[in-house]
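Remarks on the overall topology
Residues per chain, in single letters:
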Amino acid sequence: MVDQVQVAQKSDFHYVTEGTVSDKLKVPVDKLRWECDPADFDFKSTDELPELEGTIGQERALKSLDFGLGIKELGFNLFMAGEPGTGRTSTIKNLLKKQAKSEPPPSDWCYVNNFKQGDTPVALALAAGKGIEFASDIKEMLESVRNDIPKALDSKEYESQKSAIFEEYQQENSELFGKLEEEAAGKGFSLQRTVSGLVMVPQKEGRNYTQEEYEALPKEEMEKVETVGKELSEKLNDVLRKVRENEKETRDRMAQLDRELGLSALGHHIEPLKEKYADFAKVVEHLDAVQEDILNNLEDFKPPQPAPQIAGIRLPRQEPSFERYEVNILVDNRETEGAPVIFEVNPTYNNLFGRIEQVMQMGGAASTNFSLIKPGALHRANGGYLILDAREVLINPFAWDALKRCIRSGEIKIEDVLEQYRFMTMVSLKPEPIPLQAKIIMIGTPWIYYLLYHLEPDYRKFFKVKADFDSRVTRTPEIVRDYAMFIATHCRNEKLLPFDNSGVARLLEYSSRLVDDQERFSTQFMEIADLIKEASYWATKEKSSHVTKDYVAKAIEEKIYRSNRVEDRMQELFEDGTILCETEGEVVGQINGLSVISLGDHTFGRPSRVTARVYLGKAGMVNIEREVKLSGPIHDKGVMIITGYMGGRYAHDKPLSFSASICFEQSYEGVEGDSASSTELYALLSTLSGIPLKQGIAVTGSVNQLGRIQPIGGVNHKIEGFFAVCKMKGLTGNQGVVIPKSNERHLMLKDEVVEAVKAGQFHIWSVETIDEGIEILTGVPAGELQPDGVYPEGSINYLVNKRLRDIVDSMKKFVAAEKEEKKQIA
């Protein structure tokens, strides 16, 4: 049937036939979605496919990773930027799994006691596997020494030598005191021991003077006694000094005896270790320090004395500690094949850089030593690769700043990070730093990458290589094959049902829908993996042996149903008329625009009524959303572009002098984006021309000042949103959506929409210009500017131009009358 539309006002009527342009601009059914033909596959089930090796697409990122992992210079650490689920973590793990095996295992690291500065434990590096061996050697040596030294100390030879030294000491002392006593006796004095020590006491007839006898002595005799007493006292002091010297010499001789004994018991244990670890200078130095400390503390190796008892109470015996000789194995690489690859999922400060543990003692006091030093991820990854989540590093206090310091200094320091925040300084250890030789790989979103790049000055110094993971990949036969192998691999790894070729084809179509592109697939494999599991669940529930396209479709429907409660509630509002939306008839200045609502886990489209009104005035275009601050800057820009279009097309022979208001009806939230700018322009042209717009056709697309229609986002959601409303109100065969021509490749519509288009119940038009769109919406030609500067009579542009001229003439008359009135008043 031919539709006839009245397009002129008053007595001028023109009738145009709709069908030629409209049909020409319809999108063919085969372009409404890309369909994957299962017959194109050379397999019937994913059981026939091998496992996927490598990554699907991501050529740019893989080249960056190859460069970043190969270059060894300082600061060339990597940042893997990409959306979650794009395979960043699995890609780097697979690459490092292969590369690390070909690299030599790094050194073992141990902490040992520093016998010179006890609060600064010494770090020792040994060849891979030698750390545990060194600790075992030290333990074995210590056990042997603890057994041999007590035996040597209990030997008859040692006792005889010790007795000889002591007897010689006593004999010398006896001789010294004997001579002094003999001299004193000859001078009438006696050497006696008192509370205050040894003193010379004058004698009378073999006994001490009484006080009365001494005071009764003549003055001369008393002076003589005092003089002799002073001389003897000086000699006594000389003897005591000589005794102390003998005592010190005896102690030295005893110590030397103990040292020689210790060397004889210790030397044949230490020397072999020095030879064994001769290639490690710091280890040999430590062994010398161990030997010296043992020789200086032989008392600790003597048999323990019985514990003292007080009033029948047995006191605890203080056992000597030998922990200072032990070895704290910080990093043990004996079982590491190649370079280590560490993925730290919780990069707190302590988990990254290690910690010093404390042991609570009786009374609540805490103590620590070098054996309580624990490694961090950087220690375990030293000599290899450390993978970190950028967001986790940034949200953990102190982690990012400490990581920068670590990379800058090239050292891993274990510190008490809270020390600077305490009011009182606590005694703690400061272990010797360990050189850092690890490649650090951070994984994060592009937003985090650019945030760090622009706001963190040191970031560019330490992470010079960016591996950018794309969220989509161009469809090629190789990529299709890799995708099928990915499905096969995931099914095997997760023990899921295999997919038949129809299930794989449906999954590939879903992947294209995720990116709204017929020529690309999504690389957000987290979404794909989830759908694989859900489809396998439904197939298992139905006791199917394979996952077919029906189960994939079921999984998609169920996934949407779990999240689309808000969409269904909005559909109810359209159905009961709460939200006004007409899908039949024609109205001047009223059109159905399309918008997209994203709720995070679900995105859907909905129609939005746009109206325009034109009246005399000089205000120009009035965007009601802008006036009430409900529109964003991009939407405001779209409205201003409409002003540019109107001026460029209709103001070449007259000024634009009119007022127009444009509004999104029943819009109670912010409006952003320029995808409705063509919709607003169509409503304005309808109002100016007086030609009604078909309410069964919704429109989307942005426009530039030249009237060209530009692509928009969310085209599938928008079409499906309007289709749902039309379906609910009843499909008439005259309904449809006008989209930009450049959005054709983005069409991946649902099956029910495609079927409705096939049946002629719904239509999709694609346009490149405003003129093409207005002709579809009105059934009236837009009209092109003729060489004489006018538009064809009866065309949309003719009527708009005529109305604008009429408004200008009316404004001139109004202004002239206003001036005349002012003159008369004057």
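What you see is a predicted model, and the numbers here were worked out from it, not measured in a lab.

What about the confidence of the model for the protein?
Chain-level statistics for the protein give a pLDDT mean of 86 and a share of 91% at 70 or above. Counting interchain partners and residues more than four positions distant, the pLDDT-below-50 stretch residues 1–18 has 29 contacts.

Topic: the pattern of salt bridges
Under the defined criterion, the tally for this structure stands at 44 salt bridges. Of the charged contacts, one joins Glu509 and Arg33 as a salt bridge, the two residues approaching to 3.0 Å between their closest N and O atoms. A residue pair is termed long-range when its members are at least 10 positions apart, and Glu509 in helix α16 (residues 501–514) and Arg33 in the loop between α1 (20–24) and α2 (59–70) qualify at 476 residues. Residue class for Glu509 comes out buried when judged on its relative accessible area of 8%. Where Asp137 meets Lys276, a salt bridge forms, and the shortest distance between an N and an O atom there is 2.8 Å. Note that Asp137 is positioned in helix α4 (residues 130–153) and Lys276 in helix α7 (residues 219–276), a separation of 139 residues in sequence. Judged by relative accessible area, which is 38%, Lys276 ranks as partly exposed.

Quick word on a positive patch on the surface
A surface patch of like charges, here positive, comprises Lys618, Lys819, Lys822 and Lys823. Within the element layout of this structure, Lys819 appears in helix α26 (residues 796–825).

Things to note about a negative patch on the surface
A surface patch of like charges, here negative, comprises Glu172, Glu175, Glu245 and Glu249. Those elements that provide at least two residues to the negative patch are α5 (156–186) and α7. Tracing the chain through its elements places Glu175 in helix α5. Under the relative-accessibility criterion, Glu175 is labelled partly exposed at 44%.

Calculation notes
- Counting starts from 1 at the beginning of each chain's written sequence and moves along it residue by residue.
- The model is predicted, so local features are restricted to residues of pLDDT at least 70 and side-chain atom pairs to those at 80 or more, both for listing and for counting; the totals for chains, interfaces and linings are taken over all residues.
- In computing side-chain properties, one takes all heavy atoms of the structure into account and sets aside hydrogens as well as water.
- Known as pLDDT, the predictor's per-residue confidence is scaled from 0 to 100.
- The contact rule is simple, with two residues in contact once any of their heavy atoms fall within 4.5 Å.
- Whenever Lys or Arg places a side-chain nitrogen within 4 Å of a carboxyl oxygen from Asp or Glu, that contact is recorded as a salt bridge.
- The secondary structure listing takes helices from DSSP runs of H or I that are at least 4 residues long and strands from runs of E that are at least 2 residues long, numbered from the N terminus.
- Only protein chains enter the area calculation, which uses a 1.4 Å probe; residues under 20% of their type maximum are buried, those over 50% are exposed, and those in between are partly exposed.
- A patch is a set of surface residues, each over 30% in relative accessible area and not in a salt bridge, joined within 9 Å for like charges and within 5 Å for the nonpolar side chains Val, Leu, Ile, Met, Phe, Trp and Tyr.
- Using a 1.4 Å probe, the Shrake-Rupley method yields the accessible areas, and only the shown protein chains count as cover for residues.
- As used throughout, the charge tally considers Lys and Arg to be positive and Asp and Glu to be negative, leaving His and the chain termini uncounted.
- By convention, the charge on Lys lies at NZ, on Arg at CZ, on Asp at CG and on Glu at CD.

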